[in-house]
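So you can see what is in the structure, the chains are spelled out below.
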Amino acid sequence: PAPLRWTPPRPPTPLRAASAHPDGTVPCDATRSCQGGQRCCRSRAGSWGCCPFAQGSCCLDGRHCCPGGSRCSAGGLGCTPLRWDLP
């Protein structure tokens with residue numbers, strides 16, 4: 001069998017600014033929205049940001065997100081998989 005290889009967590013992705021138009025395809029609230037294929041994430045200050053991954057997970061720092069199937073690691077230093085598949 002192939003040996004297991006550890007790969008370091010990938011860095012989280014910075015959020016993009018939410019649009020001031022409520023007519024976006026992904027509404028965050030009554031006045032802010034994100035484009036299709038994105039997810040709304042709330043910052044610690046209460047404003048909205050857009051994660052470029054539709055199935056992404058918002059990080060607790062309110063500034064980053066991780067792709068679907070992963071989550072922010074403790075401290076927000078990287079994205080770790082939700083499950084580990086062995087080869």
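Anyway, here's the lowdown on the structure attached to this text. Sequence positions are assigned chain by chain, starting from 1 and proceeding in written order. Given that the model is predicted, a residue must reach a pLDDT of at least 70 before its local features are reported, and side-chain atom pairs must reach 80 or more before they are shown or counted; all residues, however, enter totals for whole chains, interfaces and linings. Think of the side-chain values as coming from all heavy atoms in the structure, minus any hydrogens and water.

1. Considerations on the state of the cysteines
Applied cut-off: Any two cysteine sulfur atoms within 2.5 Å of one another count as a disulfide. Helix and strand assignments follow DSSP, with helices taken as H or I runs no shorter than four residues and strands as E runs no shorter than two, numbered in order from the N terminus. Relative accessibility under 20% of the residue-type maximum defines a buried residue, over 50% an exposed one, and the middle range a partly exposed one, all with a 1.4 Å probe and only protein chains included.
Tallying each qualifying case throughout the model produces six disulfides. There is a disulfide in this structure between C66 and C79, and the S-S distance comes to 2.0 Å. The chirality of the disulfide connecting C66 with C79 is left-handed, given an S-S dihedral of about -85°. Of this pair, C66 sits in strand β8 (residues 64–66) while C79 sits in strand β10 (residues 79–81), and the two are 13 residues apart along the sequence. Judged by relative accessible area, which is 0%, C66 ranks as buried. Judged by its relative accessible area of 5%, C79 is buried. When the bonded cysteines of the chain are numbered from the N-terminus onward, they pair as 1-3, 2-5, 4-7, 6-9, 8-11, 10-12.

2. Structural notes on the pairing of strand β6 (residues 48–51)
We apply this condition: Being paired, for any two strands, means DSSP has found at least two bridges between them.
Burial along β6 is two-sided: W48 and C50 facing one way and G49 and C51 facing the other are all buried. With two bridges joining them, strand β2 (residues 16–17) and β6 adopt antiparallel strand pairing. Considered in β6, the bridge of A17 is made with G49. Inspection of the sheet shows strand β5 (residues 39–42) paired to β6 by four bridges, in the antiparallel sense. Residue R39 lies in a different strand from β6, and its bridge partner there is C51. Between the end of β5 and the start of β6, which pair antiparallel, lie five residues, with G46 showing a positive phi angle near 100°.

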